[in-house]
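# Examination of the molecular architecture
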Amino acid sequence: MAETRMVKFEVLRFRPESDKEPVFETYEVPCMEDWVVLDALNAIKDDIDPTLSHRWSCRMGVCGSCGMLVNGRPILTCAAFVRDYQGTIRVEPLSNFPIVRDLVVDLESFIHKIKSVKPWIIRKIEKDVAEGEYRQSPEQLEEFKQYSMCINCALCYAACPVLAAEPEFLGPAAIALAHRYNLDSRDEGNASRFDALNDGDGLWGCSYANECSQVCPKHVDPAMAIQQAKLTDALQFVHVLPKKSFT
Amino acid sequence: MSAKHFGPPKTPCAPARKPSGFPLGWYRYRNYTIFAATCIPMAIAAVELIVGIRALGKGEAAWDAWLASLATGPMRALNIVCLLFAIYFAFRFGWVGRKIAAGRIGPVPKPPLPMPILGVAPLGGFATLWLILFIILGGFV
Amino acid sequence: MNFIHKLEPIWWMLFGGGGFVAGFFLPGLIISVLLLGPSDLMSTGLSYPRAHALASGPVGRIFLIAVISLVLWHCAHHLRHFTLDLFGHAAAPVAAYGAYALALLGTIATVSAVLAL
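Structural notes, computed from the coordinates. All values reported here derive from a predicted model rather than from experimental measurement.

## Considering the nonpolar core
Membership of the largest hydrophobic core comes to 141 residues, with the highest contact counts inside it found for Val-37, Ala-40, Cys-156 and Ile-175 of chain A, Met-42 and Ala-86 of chain B together with Val-71 of chain C. For this core, the domains that each give at least three residues are domain 1 (4–105) and domain 2 (108–237) of chain A. Aside from chain neighbours lying at most four places away, what touches Val-37 of chain A is Val-70, Thr-77, Ala-80, Val-82, Ile-89 and Val-91 of chain A.

Written as structure tokens, this is what we have:
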């Protein structure tokens, strides 16, 4: 039998059918040395309290489902090792999102914002398949590759202080995604994204707190994407730079 | 499709919770809050300079009186606070701004200003300029 | 707020430009003039004839108007966002109009003070 250690978890619970507001419940979980917080949550659900609701999938940091606040910091629970924390570990759902149940948040606003920046290749005339692929050099790929690594985990939205004050702010992931497509050499849709971005609650709501980049598990650095997008957008606004669109 | 006006949640939800530690509870949020708060001391310093320019325009007596008014205890303390906030601002502005210098405009790499200006190491570079300003204003050359 | 939102890139460019000049010059100005101005060290450099000559020359006038105005616009934009962070969506119009109105007043005051030299 492997060595286990009893660890106390304080988990936020919210059952809309019976709770007026969220409440913390404490669980003692026997944790193995190599466990992550997600393992502990699954152990709670399996062995202690089957009513606990939480989202998870790949448990290896690529699906973006298991984002939560652990001791107040947004993190993927499949990447938060229990041994790295002392004392009682507090687990809450992501901040800045309404809570559906327990650790599950309503991500509709997040998905809506991602869709609103048209995150797909936009071309005036699609190349016929018979004409072959769109060619792109490694240098052209490097321009935007970092920003394409987003796994839509919404940790950046949980960390952003602007979103806390203004829920309609477009948010780091959506802006970084728009910038990723604007930088893509195959894309001609810069002008189509301009209106969604160029708004007081779009791109310009960002006050460069840099928290999004600090919590991003894939090192996308959305803060840098946003500041670059601001510079590009401003120069296009005063017609120093052209909008890259259908020619 | 507008980014705004997404509908309310489809099921009854608890309201969104604020990020933990904002504005002053977590060191990174605290640094950001202080950075945002630098706007007030810097504006005060700018207003003081406007008052000084007005005094300069009024003549020698007004100018000397204004300089003398800066020598009082409270004004000295205020200006030291303004200076500390301005230095913190300069450091952080340069530090976070270095990433934009490394960035691109559109698909073709083109820095917005010549790299020697943007690439200046934050505090060292700024301090050199402050020294030059001091030398010019003090008439030491 | 539509007017404010339409010109967001302008506010941001003023903020960025103001941040650059603030970083380059403001601490130097605070040290040289506001803190050391009354001292013996600066008594020749900032004596009335020299100070007036420096400030009223073409370079001096442009420098003073540009630096002080840009710093004020930078502070206004920062103040606007700071107010939003602290008080939320409801404060948006007051924060924006108030901050930029103050910056405009400050710019007018600066220009009039410099032209009166």
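Past the structure itself, the notes keep going.
## Digging into the interface of chain B and chain C
Between chain B and chain C, the contact holds 41 residues from the first and 45 residues from the second. Top element by residues in the side of chain B that touches chain C is helix H2 (residues 39–58) of chain B. It accounts for 13 residues. Here the residues of the side of chain B that touches chain C sort into 30 nonpolar, six polar and five charged.

## Points about the packing of helix H3 (residues 48–56) of chain C against helix H4 (residues 58–87) of chain C
The description of two packed helices rests on the angle between their axes and on the distance between the axes. Residues and elements named next belong to chain C. Interhelical geometry of H3 versus H4 gives an angle of 75° and a closest axis separation of 4 Å. Considering their axes alone, H3 and H4 lie roughly perpendicular with respect to each other. Contact residues: H3 offers Leu-54, Ala-55 and Ser-56, while H4 offers Gly-60, Arg-61 and Leu-64. Tallied by class, the residues present in the contact of H3 with H4 amount to three nonpolar, two polar and one charged.

## A closer look at helix H1 (residues 37–48) of chain A
All names here are of chain A. All of the buried residues in H1 are Val-37, Leu-38, Ala-40, Leu-41 and Ile-44. The buried residues of H1 occupy an angular sector of 165° when projected down its axis, which confines them to one face. In this structure, H1 carries Asp-46 and Asp-47 as exposed residues pointing more than 90 degrees from its buried face. Those residues of H1 that are buried are in contact with strand S1 (4–13), strand S2 (23–32), strand S3 (67–70) and strand S5 (89–92).

## As for the pairing of S1 of chain A
Residue and element names in this part refer to chain A. Note: S1 against S2, 10 bridges, orientation antiparallel. Residue pairing across strands places Glu-10 opposite Thr-26, the latter belonging to S2. Two elements, S1 and S5, share three bridges in a ladder whose sense is parallel. Considered in S5, the bridge of Phe-9 is made with Ile-89.

Rules and cut-offs
- Residues numbered from 1 in each chain as written.
- Chains lettered and ligands numbered in written order.
- Predicted model: local features only at pLDDT ≥ 70, side-chain atom pairs only at ≥ 80, totals over all residues.
- Core = buried A, V, L, I, M, F, W, Y, C linked by C-beta atoms within 7 Å.
- Buried ≥ 20, exposed ≤ 12 C-beta atoms within 10 Å, placed from the backbone.
- Domains from an automatic or database assignment.
- Contact = placed C-beta atoms within 7 Å.
- Helix = DSSP H or I, 4+ residues; strand = E, 2+ residues; numbered from the N terminus.
- Nonpolar A, V, L, I, M, F, W, Y, C, P; charged D, E, K, R; others polar.
- Axes fitted to C-alpha atoms, helices over the stretch in contact; angles between N-to-C directions.
- Parallel < 35°, antiparallel > 145°, perpendicular 65-115°, else oblique.
- Arc of directions from axis to C-beta.
- Pairing = 2+ DSSP bridges.

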